[in-house]
Amino acid sequence: MDNLLTLNIQNIGEDGDGVATHNGKKIYVNNTVPGDMVQATIIDEAKTYAHASLVEVVKHSQYRAKAKCRHVLECGGCQIQEMKYDVQLMLKLRRVKEAFQKQSLPTDNIQRTLGCNQAFGFRNKAIYPIARNAEGRIVTGFYARRSHKIIESYNCLIGAPENEQILRTIISHLEKFGIEPYCETTHQGTVRHVIIRKSFVNGQIMVCIVVNGNELPQHQELVDNLLKAQPGIRSITLNVNTEKTNSIKGKNLINLYGNGYITDKIGDIRFKISPLSFYQVNGIQTKRLYSQALEMCKLADNETVLDIYCGVGTISLFLARNAAKVYGVESVESAVNDARENARFNNIENAEFITGKAEDVIPDLVDRQGIKADIVVVDPPRKGCDKSVLDTIIKMKPRRMVYVSCDATSLARDLKYLTDNGFQINDVQPVDMFPHTVHVETVVSITNS
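Residues numbered from 1 in each chain as written. Predicted model: local features only at pLDDT ≥ 70, side-chain atom pairs only at ≥ 80, totals over all residues. Heavy atoms only, no water.

> Talk me through the nonpolar core; I want residue IDs and the actual numbers.
Membership of the largest hydrophobic core comes to 40 residues, with the highest contact counts inside it found for F100, L306, I308 and L415. When near neighbours in sequence (up to four residues on either side) are disregarded, L415 contacts F100, L105, Y403, I425, V444 and I446. By size, the runner-up hydrophobic cluster in this structure holds 36 residues, among which are M296, L299, F318 and F353. (Core = buried A, V, L, I, M, F, W, Y, C linked by side-chain atoms within 4.5 Å. Buried < 20%, exposed > 50% of the residue type's maximum accessible area, 1.4 Å probe, protein only. Contact = heavy atoms within 4.5 Å.)

Next up, the structure:
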């Protein structure tokens, strides 16, 4: 295969690279859009595919859009920002349809992707690594694609505008007092990451600084300067992570300012969010996603709901106001603690949360405790549902099931298993939670036929 190729980009791969075909091989080309004609050079090659680096766009696709971010060619965050937004939504619909087709599932009930009315500035959470660059300056930003090289940036366009002042204040503090950023190679240095969360409902901001140790020198001065820079800050904490790991956060928190949390609202449900809480990053679309799930449940007042992989209870609490009883199951103990606290915070008494792996807890609830759920909701991780969980749901025979998925491939696999065992797919609704990326969330209504 020649090293320099002229290629017609036909599709988008799972990582956001354009896909072309040459001599029977799939060629993945960075920073390309379907419809582009490009020249690219091969950088690595396998038996059935190869990766190529873009040299030149010979002919621009009609689907191309001018990117707003000047870092789009380097940063690993927004893989498809150079694609028109309506085309992004069509792409995400196609990804769901293709996953269904591979499992021989019907596609005529898959609805058009629900787009986000705010395609920029929608993220309520951002994580920024801190490091020294090649010139020795302390910088922050986002990792380049498939690397740990930081692309310096302080004002990511999909995040909150307040982030820039917060980051510049923290870096100024590090420089003033000679505080070293963490080095992954030597395991030396203090500051590893900065995590910023903002409630778009009330403007409250949380700042969490991840440190390789138990303190941050002159932290009170930093607190004072942060509050001057952004009066909306309600919580400042240190998160202790002294492990040699790629995991961002440790388990221990040191409170520097505020009560350790901020509040947010989805619909009429309020949530306390701590630095360790999992919480959806797109509040606008989360409400639309959960409203779809609630509508698909078609709840009656006397019905029992089983919410599997419930996280901090966001869906459980959303459903609890319309159900007789909701049981939420989650393996992460801190998430269950957050769910219970949020139930108390909203005076919801008919939601019960259980800690444990779904594949262990659900059979016990059904077989030993005799709990019969009228409706089952699942919102599993990317890998999908454990087979034993699906087997228990099949055995339970709920009237209705709602599947919320962040991965179309595992969703289609699980739906195939359910339909082979007596269930029927009704409505399928893709929702764009992450504009300018290839990711798509999907919520599915399923009945026991």
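There is more to say, and it comes next.
> Quick one: what's the story with the side chain of T314, residue by residue and with numbers?
Here T314 shows up in helix α5 (residues 314-320). The exposure class assigned to T314 is buried, which follows from its relative accessible area of 8%. A polar atom in the side chain of T314 sits 2.9 Å from the side chain of Y290. T314 has contacts with F271, Y279 and Y290, leaving out every residue within four places of it along the chain. (Helix = DSSP H or I, 4+ residues; strand = E, 2+ residues; numbered from the N terminus. Polar contact = N/O pair within 3.5 Å; in protein donor to acceptor, adjacent residues only side chain to side chain.)

> I'd like a rundown of the pairing of strand β22 (residues 441-448), residues and numbers included.
β22 sits mainly inside the fold: seven of its eight residues count as buried. Judged from the six bridges that link them, strand β20 (residues 400-405) and β22 form a sheet pairing that is antiparallel. From the neighbouring strand, S405 faces β22, where its bridge partner is T442. Alignment of strand β21 (residues 423-431) against β22, held across seven bridges, turns out to be antiparallel. (Pairing = 2+ DSSP bridges.)

> Describe the pattern of salt bridges, and please don't skip the residues or the numbers.
Within the structure shown, the criterion is met by 21 salt bridges. Of the charged contacts, one joins R94 and E98 as a salt bridge, the two residues approaching to 3.9 Å between their closest N and O atoms. Separated by four residues within a single helix, R94 and E98 lie in helix α1 (residues 85-102), roughly one turn from each other. One salt bridge connects D367 with K395, and the closest N-O pair in it is separated by 3.0 Å. Of this pair, D367 sits in helix α7 (residues 358-368) while K395 is found in helix α8 (residues 387-396), placing the two residues 28 residues apart along the sequence. Judged by relative accessible area, D367 falls into the partly exposed class, the value being 46%. A cluster of three or more residues bridged by salt bridges with shared partners is formed by D36, R64 and E82. (Salt bridge = Lys/Arg side-chain N within 4 Å of Asp/Glu carboxyl O.)

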